[in-house]
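Breakdown of the fold
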There are 2 protein chains.
Amino acid sequence: MNQPEATVGDLGEQGILDTILPLLDSQKANLGPGDDAGALSVQGSEILVSVDTLVENQDFKLVWPSGLEHRAYDIGWKSIAQNVSDINAMGGTTTGAVVSLSLPAQTSLQWVKDFAQGMADAISSLGAKELTILGGDLGKSTEISVTTTVLGECAHGKILRNGAKPGDVIAVAGRLGDAGAGLTVLEHRSDANKWSRAVRRIAEAQCKPAPPLGSGPRAAEAGAHAMMDISDGLVRDTSRLAKNSGISIDFNSEVLKKFAARLAPAAQLTGTDPMEWVLHGGEDFGLVAAFPNEDVVPEEFTVIGAAKARSGRRSLVTVDGKIATASAGFDHFN
Amino acid sequence: MNQPEATVGDLGEQGILDTILPLLDSQKANLGPGDDAGALSVQGSEILVSVDTLVENQDFKLVWPSGLEHRAYDIGWKSIAQNVSDINAMGGTTTGAVVSLSLPAQTSLQWVKDFAQGMADAISSLGAKELTILGGDLGKSTEISVTTTVLGECAHGKILRNGAKPGDVIAVAGRLGDAGAGLTVLEHRSDANKWSRAVRRIAEAQCKPAPPLGSGPRAAEAGAHAMMDISDGLVRDTSRLAKNSGISIDFNSEVLKKFAARLAPAAQLTGTDPMEWVLHGGEDFGLVAAFPNEDVVPEEFTVIGAAKARSGRRSLVTVDGKIATASAGFDHFN
């Protein structure tokens, strides 16, 4: 696969990173590429930095197969939400952001206004009250593309992916599976105008994710050993946490079923097993963290499993002891 | 023009900014949108932040009308060069960067390798030795788009656009007009294979700009009153500096002609008056700064004019006392 004539589509995200990272120097970073955010020391203080891009027809569709129009407001909202989530996932708070917006020349001024209003409302509604907009870049393109970079800081030291230990309890905060169910609903060819209120709310979880800001710093203060946000799916993301920490993780299906039960309206509409969304749906930007014991887990977290010693060389993610397929979930190039 | 049904193409960059910025809160920034970089205080230290995006067919063409292929290496180089220039223009040094890369799935692995090598070489060759890569984002798109965000710091306090005073001398460091001449050459339908070495070097100034890193901090240390980088053309950018400072600026054509003379090979090939490139060509990422007097100007700067009190309400940019057309230069949406 690793021939120069291979394409980025052949390689996938990890293959591309394996190509790029050895060429670039990250030695002076406190924390280089590979976790939710990078970290740099500036005159004794540590700064967290994270970047994410939303591209038309990849990360959102202006009109979904269900007929629902994707509002500019929601795109602005999500560009803030997914970035502040990365800082939250380190146990930090977001202090500043810069935004680069590439737009087709025929984009309406109203679209731009709605986009900016969505950003502003996400900042205030999600509780990112320290976040200030520091600048940006505007340019022309044929497809809409939004790149937001956020800066943050940690009051209690940053929480990485590599600190979970056997015996830790694994807990989640925020939504789990809702955004994945919302995506299935949006892609489903049922008429959006006829959706029930419950289905509509699930679709909105995809368009307007709500990362649990505040829960990241609280988990850090409570002594979490490891933490990350769930952007690509519970199994895929906890597999990364398990691998980075050198442990295995087992989930309790009884607890996960409670998350699945909430998604019944979307499951009925689309004929999907809702556990698929709980295990493999991305983009809720909830948190998954490893705590030393149940007593310290902040109350908004739900314990869903436990970290265990690896029995062989590989880190496994299991549900009731049975291996969860790690191949599902989201890869931007597959 | 300011109707909701107006498009971003109708409004241009300033019109779009005038729409977005009132909706977003920049009050907690030390310096919000509008200068080369934004600034934020973190635990007593000041961080500079800047972001720029390069989009295929807008900021570069994979194959130019001259037949020259635009190398991935040069795109990686430029994405670093134009961003470190923004920090240089504040009198600062770049400490960290994150990169978001959106690529069509059929992009070759070799393209990605060359791109990363161009970034790495720009960091070392331009002298951005403190710059470390902190992370990034990868995603799929139909057109290549690269967004780089850089962080920096200032040892001597940041230099803004608004501090020039009547009587200041105006000086530039770095190339002036070369990248503009390079763009004309690349767009010209002459066979790139038959170019002289001199023409080839001018074309390279567009693809591989060389911001004078080090000159920004030296100007700050020397007591510059105001500074910015020349990314959209000398007249357009110094008009911004003049307006922000509440002064007018007069250039000396004799000095500017010396910069134009260096571009003779491109002028002959394309039938262009080279003073057009000196006055209106962008993307050299040289510096223009206002110093209190000639004696403090660092030696790599060339004095090209003087700041004067405004005679009326408007800030004017003149050459030998005659008004320079401010309407030329680069607007991403016009």
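Residues numbered from 1 in each chain as written. Chains lettered and ligands numbered in written order. Predicted model: local features only at pLDDT ≥ 70, side-chain atom pairs only at ≥ 80, totals over all residues. Heavy atoms only, no water.

Looking at an unreviewed UniProt entry, one finds chain A named Thiamine-monophosphate kinase, with Glutamicibacter mishrai as its source organism. In its Sequence similarities (unreviewed entry) section, the UniProt record describing chain A reads: "Belongs to the thiamine-monophosphate kinase family." Turning to chain A, the UniProt annotation filed under Catalytic activity (unreviewed entry) states: "thiamine phosphate + ATP = thiamine diphosphate + ADP". (UniProt positions renumbered as here; feature names shortened; annotations may be inferred.)

1. With respect to the relation of the copies chain A and chain B
Laying chain A over chain B is done by rotating through 180 degrees and shifting 0.0 Å along the axis; what remains is an RMSD of 0.0 Å. Interpreted geometrically, this transformation is the action of a two-fold axis. Mapped onto chain B, 100% of the interface residues of chain A again fall at the interface, so both copies present the same surface. (Least-squares fit on C-alpha atoms with pLDDT ≥ 70 in both. Contact = heavy atoms within 4.5 Å.)

2. With respect to the UniProt feature "binding site: Mg(2+) 5" (unreviewed entry) in chain A
Residue and element names in this part refer to chain A. Residues annotated in UniProt with the feature "binding site: Mg(2+) 5" (unreviewed entry) correspond here to D232. Within the secondary structure, D232 sits in the loop between β7 (226-230) and α7 (234-245). Using a relative accessible area of 10% as the deciding quantity, one classes D232 as buried. (Helix = DSSP H or I, 4+ residues; strand = E, 2+ residues; numbered from the N terminus. Buried < 20%, exposed > 50% of the residue type's maximum accessible area, 1.4 Å probe, protein only.)

3. Here we look at the sheet that holds strand β10 (residues 302-308) of chain B
Residue and element names in this part refer to chain B. Read across the open sheet, the 7 strands follow the order β7-β9-β6-β10-β8-β11-β12; overall the sheet is mixed. The open sheet terminates on both sides in strands that have one partner only, identified here as β7 (226-230) and β12 (322-323). The pairing of strand β6 (residues 169-173) with strand β9 (residues 286-291) spans 5 bridges and is classified as antiparallel. What sits directly across from V169, in β9, is F291. Most of the contacts of helix α7 (residues 234-245) go to β7, to which it runs at about 155 degrees, and overall it touches β6, β7, β8 (248-251), β9, β10 and β11 (317-319). (Pairing = 2+ DSSP bridges. Axes fitted to C-alpha atoms, helices over the stretch in contact; angles between N-to-C directions.)

4. So, the sheet that holds strand β5 (residues 145-153) of chain A
Residue and element names in this part refer to chain A. Strand order across the open sheet formed by 5 strands is β1-β2-β5-β3-β4, with mixed pairing between neighbours. In this open sheet, the two strands that pair with only one neighbour each are β1 (38-42) and β4 (132-140). Adjacent strand axes in the sheet meet at a mean angle of 20 degrees when their direction is disregarded. Looking at chain direction, strand β2 (residues 45-55) and β5 are connected through 8 bridges and run antiparallel. Following the sheet pairing, D52 is matched in β5 by T148. Against the sheet, helix α2 (residues 72-88) engages β2, β3 (93-103) and β5, with an angle of about 145 degrees to β2.

5. Let's talk about the packing of helix α4 (residues 178-187) of chain A against helix α5 (residues 197-207) of chain A
Residue and element names in this part refer to chain A. Close contact between α4 and α5 brings their axes to 7 Å; oriented N to C, the two are set at 105 degrees. The orientation of α4 relative to α5 falls into the category roughly perpendicular. Across the interface between the two elements, D178, A179, A181, G182, L183, V185 and L186 from α4 touch V199, I202, A203, A205, Q206 and C207 from α5. (Parallel < 35°, antiparallel > 145°, perpendicular 65-115°, else oblique.)

6. Comments concerning the interface of chain A and chain B
Taken together, the contact between chain A and chain B spans 78 residues of the former and 78 residues of the latter. Remark: the boundary between chain A and chain B carries 17 residue pairs in polar contact (both at pLDDT 80 or more). Mapped by element, the contributors of at least two residues to the side of chain A that touches chain B are α1 (8-20), β1, β2, β3, α3 (109-125), β4 and β5 of chain A. Take the side of chain A that touches chain B: its biggest share by element is 9 residues, from β4 of chain A. Counted by class, the side of chain A that touches chain B contains 36 nonpolar, 31 polar and 11 charged residues. (Polar contact = N/O pair within 3.5 Å; in protein donor to acceptor, adjacent residues only side chain to side chain. Nonpolar A, V, L, I, M, F, W, Y, C, P; charged D, E, K, R; others polar.)

7. Focus on the packing of α2 of chain A against α3 of chain A
All names here are of chain A. Between α2 and α3, the least distance of the axes is 6 Å, while the angle of their chain directions is 40 degrees. In terms of axis orientation, α2 runs oblique to α3. As α2 packs across α3, the resulting crossing turns out to be right-handed. Contacts from A72, Y73, I75, G76, W77, S79 and I80 of α2 reach α3 at W111, D114, F115, Q117, G118, M119, D121, A122, I123 and S125. In terms of residue class, the contact of α2 with α3 is built from 10 nonpolar, 5 polar and 2 charged. (Left-handed = near helix turned anticlockwise from the far one by under 90°.)

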